[in-house]
Amino acid sequence: MSASPAVSSPDRWIVLKFGGTSVSRRHRWDTIGKLAKKRGDDNDARVLVVVSALSGVTNELTAIADGAVDSARRVEALAQRHREFAAELDLDVEAVLGARLSALQGLLADPRARSRTLDWQAEVLAQGELLSSTLGAAYLRAQGLDMGWMDAREWLHAVPPAPNQSEWSKRLSVNCTTAPSAEWRQRFATQPSRLLITQGFISRHQDGGTAILGRGGSDTSAAYFGALLGAKRVEIWTDVPGMFSANPKEVPDARLLTRLDYYEAQEIATTGAKVLHPRSIKPCRDAGVPMAILDTERPELPGTSIDGNAEPVPGVKAISRRNGIVLVSMESMAMWQQAGFLSDVFEVFKRHGLSVDLIGTAETNVTVSLDPSENLVNTDALAALSEDLARLCRVKIIVPCAAITLVGRGMRSLLHKLSEVWATFGQERVHMISQSSNDLNLTFVIDEADADGLLPVLHEALIDSGAMPVYEGGVFGVRWRELNGQFRPRPLPWWHDAGKRDALLRLAAKSTPTYVYDLATVRERARQLKAIAAIDQRYYAIKANSHPAILRALAEEGFGLECVSLGEIRHVLASVPGFAPSRILFTPSFAPPDEYRQAFELGVNTTIDSVEILQRWPEVFRGRRVWLRIDLGHGGGHHAKVNTGGKHSKFGLSVQRVDEFIDTARALGLTVTGLHAHMGSGIDNREHWRMMFDELAGFARRIGSVETIDIGGGLPIPYSEDDEPFDLEGYAAGLAEMKQVHPAFRIAIEPGRFLVAESGVLLADATQVIEKDGVRRVGLDAGMNALIRPALYDAWHDIANLSRLDEVRELDFGVVGPICESSDVFAQRVKLPATTAPGDVMLIADAGAYGFSMASTYNLRALPGEEVIDV
Ligand code: ADP
Ligand code: ASP
Ligand code: MG
């Protein structure tokens, strides 16, 4: 079977590394066999398979090496697990494993076990990989593959230790040589089998014993072999299909990073992305060997490629988190203007063989961090360190901390986009901020407990702010959730319908810029909300779009209309014939008192939100029925912009003053029949709704006369391809639960955007197409005066070339307007057909909410037109 390799024409090698989960199931070994064979055949190459221990085994061996009291039981359990797996692989258990298991058991009786010498610990740790590779080799041979087994210690050699290396790292976290001798090459090339399997994680110590590459080090073994063999490629096969923009198990919205250069990959790995061992990149980079990260369970997925030719793209690529970080804070008055203090303290770290990761300095304080993956930072080591440092300064050890790192090119030029990130961290106690000198990372050190749940929030903030350029198709791929079928793409918008598109083109031919609203879409959204049984009363917040046809359509669907000014009330009464004023909800903020008076006189249902207004104008309110808006003090959480509650918000009565309000109202014979709070935008978390409703219900009971609880609006719509449609079912289920808990109260809602945003498009003519310094721009006859959301909120609206809707959207364009403001930009970068030209009709999507209603005549440009399609 074995073709005898010709030493004179050196073989090309491909190295495949399979991690713990990849070697723990029989069907994955079938995949390993298939892949090894296929890679060899397709590339006319020989294949070296490097394997980890079965998953969880190294943890057990570490406990044994650390002298766990129940080591004998643990060894027996490990032996049993491997026997069972051998049986599952249909192997002769004794023949294949007998010798290996005796070696494992023998280590407990070894004289070195008593003092747990480091060389003994290394041998203990090595058993996992020796066992898994032995099982795998036997299984693959039984499947007919020409698979040779090698002891990695005969091929990987630990480099001589550095002078200050700790004894621990000299044995259990070693580096290996990457320059093969001629003899090495010769010996390797003459291995008889075409396919070879060996262990990750282990190498030969200078003294001939075993040395370990550090936890997770099998990746690095593969990289060393790749470099030594000058391999064509090193593939790291694991349980995720690549390196993601965050740990996908923690951040389901994390994106696949399809292509990275060595430096960014290195930074992501070093700062905590466990998917690749931090030391595995350099050997490949130095030898120019490309790497790939792939998923053993889903081998067809493309994964992440790492090489030296990836085009650098500025922006944050990933956030990672490292736990177990130790901070050493050193305080000394003597440090002030004192030469040599730093040198003295660092000498102590050096003496203890501890390598420092991050450093922060202040006038009288130096704080450094120690990374547990690079150092043995157990309590003994830290106590010894503290004792020595205490001779120089006051020492405080802060544990456990988490280091959260943003990685990407050009961090410095991104700082202005990180305001939401700063705001997020602003809520935690940040012990240290550190920026790497290579401009590739920015790290925050906080308490480990505070880091829980933070990564998803940060990841979203990075995307929203544009700091993480997920639209860069060359780097960012699918999100993890999408791969797992947990992403609901938004449906194709209405204007893709041929009839509607023709209607739009006809309207655009008449005049542009013009808004066009599709009433069928408005009605569809209205009916979706009507289908939610728990809701008793629905209002439409007309500030989003007050076009009469829309008001009439929603009135016909049974919606009340929510107004925020007397002007809006009058507009409703004028636009919707016969509309009962009692179906209007008036929710003003700091409006002139006369507006309240007129509203009462018209018979409009009015909301108030202060005690002062009652005290100052008692006659306006005496004997009236009103709704009360309360500020629950803790609106949407992580950013000032989305926080609708609390001291800094102008809306709502403070909960501290509810009793005072009740007393004042009672004296005026005022009856509070409704309670309202606005909860912020885009909340689809049932728990949140229930909590807010519970609180409002508590106040409602105190007030006594309340019939309706108005939970506001804030339902989101999917503006970009990356957004999912709002989870209406989840929302409905949450409301139903609330209704069960508090059946006494009617539930009211008052959405705006949800009902109308998707119904509206802004049509504009392309006026000019201009290229400047490599940037292509298409100018429209609509500007920020027609649609201000992109300029005001950095809001994303999809843009399409309606005249060329069927052409491929292949080129990036900036889309701009004619206003003399640098913020007159609808999109910095959107894909449009290459043929896009002046005269084309361009469509700005999802502009039905806060489009026309916020338009102005700035620059004395006329207001856009408005049209309605109702078919
Ligand atoms: P193996 O046993 O195959 O070496 P590891 O458990 O060492 O696998 O590494 C894979 C794990 O790395 C994934 O299951 C994932 O949870 C974790 N991980 C952490 N950060 C990232 C990231 N940025 N991208 C992908 N995976 C990550
Ligand atoms: N088995 C070792 C560990 O779990 C090495 C590896 O899997 O990469 O740390
Ligand atoms: Mg690993």
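- Per an unreviewed UniProt entry, the protein goes by Diaminopimelate decarboxylase and derives from Pseudoxanthomonas helianthi.
- The UniProt entry for the protein carries this comment under Sequence similarities (unreviewed entry): "Belongs to the Orn/Lys/Arg decarboxylase class-II family."
- As its UniProt record puts it under Cofactor (unreviewed entry), the protein is described as follows: "pyridoxal 5'-phosphate".

**A short note on the environment of Leu 276**
Next, step 1: Looking at the element boundaries, Leu 276 is found in the loop between helix H9 (262–270) and helix H10 (281–287).
Next, step 2: In this structure Leu 276 comes out as buried when scored by relative accessible area, which is 1%.
Next, step 3: For Leu 276, the residues in contact, after removing those within four places along its chain, are Asp 219, Ile 236, Met 243, Ala 269, Ile 281, Met 291, Ile 293 and Ile 306.

**Things to note about the site of ligand 2**
Next, step 1: Neighbouring ligand 2 are the residues Ser 52, Thr 58, Glu 129, Phe 201, Arg 215, Gly 216, Gly 217 and Ser 218.
Next, step 2: At a separation of 2.6 Å, a nitrogen atom of ligand 2 approaches a polar side-chain atom of Glu 129.
Next, step 3: With respect to ligand 2, the backbone of Gly 216 contributes an N or O atom lying 2.7 Å from an oxygen atom.
Next, step 4: Notes on ligand 2: free accessible area 260 Å², of which the protein chains cover 86%.
Next, step 5: Partitioning the shell around ligand 2 into residue classes produces one nonpolar, five polar and two charged.

**Comments concerning the site of ligand 1**
Next, step 1: Inspection of the region around ligand 1 gives 16 residues, with Thr 238, Asp 239, Phe 244, Lys 249 and Lys 274 positioned closest.
Next, step 2: Within the backbone of Gly 20, one N or O atom sits 3.2 Å away from an oxygen atom of ligand 1.
Next, step 3: Starting from 570 Å² of accessible surface for ligand 1 in isolation, the protein chains cover 88%.
Next, step 4: Looking at the shell around ligand 1 residue by residue, the classes come out as seven nonpolar, five polar and four charged.

**With respect to unusual backbone geometry**
Next, step 1: With omega at -15 degrees, the peptide bond leading from Val 399 into Pro 400 counts as cis.
Next, step 2: When you line up the elements, Pro 400 lands in strand E15 (residues 394–409).
Next, step 3: Cis geometry is found at the peptide bond from Thr 512 to Pro 513, where omega equals -5 degrees.
Next, step 4: In this structure, Asp 44 is a non-glycine residue whose phi angle is positive, near 50 degrees.
Next, step 5: Tracing the chain through its elements places Asp 44 in the loop between helix H1 (26–43) and strand E2 (46–51).
Next, step 6: With a phi angle near 50 degrees, Phe 590 is a residue other than glycine that sits in the positive phi range.
Next, step 7: Take Phe 590: it is sitting in the loop between strand E22 (584–586) and helix H21 (593–602).

**Some remarks on the pattern of salt bridges**
Next, step 1: This model, assessed by the stated rule, comprises 65 salt bridges.
Next, step 2: When the shortest N-O distance is used, the salt bridge between Arg 26 and Asp 90 registers 2.8 Å. With Arg 26 in helix H1 and Asp 90 in the loop between helix H3 (71–88) and helix H4 (93–109), this residue pair connects regions lying 64 residues apart in the sequence.
Next, step 3: When the shortest N-O distance is used, the salt bridge between Asp 44 and Arg 194 registers 4.0 Å. Of this pair, Asp 44 sits in the loop between H1 and E2 while Arg 194 is found in the loop between helix H7 (182–189) and strand E4 (195–199), placing the two residues 150 residues apart along the sequence.
Next, step 4: Judged by its relative accessible area of 25%, Arg 194 is partly exposed.
Next, step 5: Where salt bridges share partners, they join Asp 253, Arg 479, Arg 481, Glu 482, Arg 488 and Glu 724 into one cluster.

**Here's the deal with the packing of aromatic side chains**
Next, step 1: In this structure the tally under the stated criterion is 18 aromatic pairs.
Next, step 2: Their ring planes at 15 degrees and their centres at 6.0 Å tell us that Phe 18 and Trp 237 sit as a pair that is stacked. Here Phe 18, found in strand E1 (residues 13–18), pairs with Trp 237, found in strand E7 (residues 233–238); they are 219 residues apart in sequence, far enough to count as distant.
Next, step 3: For Phe 18, a relative accessible area of 0% puts it in the buried group.
Next, step 4: Plain terms: the ring middles of Phe 244 and Trp 480 are 5.8 Å apart, the flat faces sit at 85 degrees to each other, and that makes the pair edge-to-face. Of the two residues, Phe 244 is situated in the loop between E7 and strand E8 (255–257) and Trp 480 in helix H16 (residues 480–483); the sequence distance between them amounts to 236 residues. With respect to class, Phe 244 is no different from Trp 480; both count as buried.
Next, step 5: Three or more aromatic residues joined by ring pairs make a cluster, and in this case those are Trp 13, Trp 155, Trp 184, Phe 188 and Phe 225.
Next, step 6: Positioned over the ring face of Trp 155 is Arg 187, at 4.2 Å from the centre of the ring.
Next, step 7: Stacked on the ring of Phe 813, the Lys or Arg Arg 776 has its end atom at 5.6 Å from the ring centre.

What counts and what doesn't
Residues numbered from 1 in each chain as written. Chains lettered and ligands numbered in written order. Predicted model: local features only at pLDDT ≥ 70, side-chain atom pairs only at ≥ 80, totals over all residues. Heavy atoms only, no water. UniProt positions renumbered as here; feature names shortened; annotations may be inferred. Helix = DSSP H or I, 4+ residues; strand = E, 2+ residues; numbered from the N terminus. Buried < 20%, exposed > 50% of the residue type's maximum accessible area, 1.4 Å probe, protein only. Contact = heavy atoms within 4.5 Å. Near = heavy atom within 4 Å. Polar contact = N/O pair within 3.5 Å; in protein donor to acceptor, adjacent residues only side chain to side chain. Areas by Shrake-Rupley, 256 points an atom, 1.4 Å probe, with all protein chains shown as cover. Nonpolar A, V, L, I, M, F, W, Y, C, P; charged D, E, K, R; others polar. Salt bridge = Lys/Arg side-chain N within 4 Å of Asp/Glu carboxyl O. Phe/Tyr/Trp six-rings, centres within 6.5 Å; stacked < 30°, edge-to-face > 60°. Lys NZ or Arg CZ within 6 Å of the ring centre and 35° of its normal.

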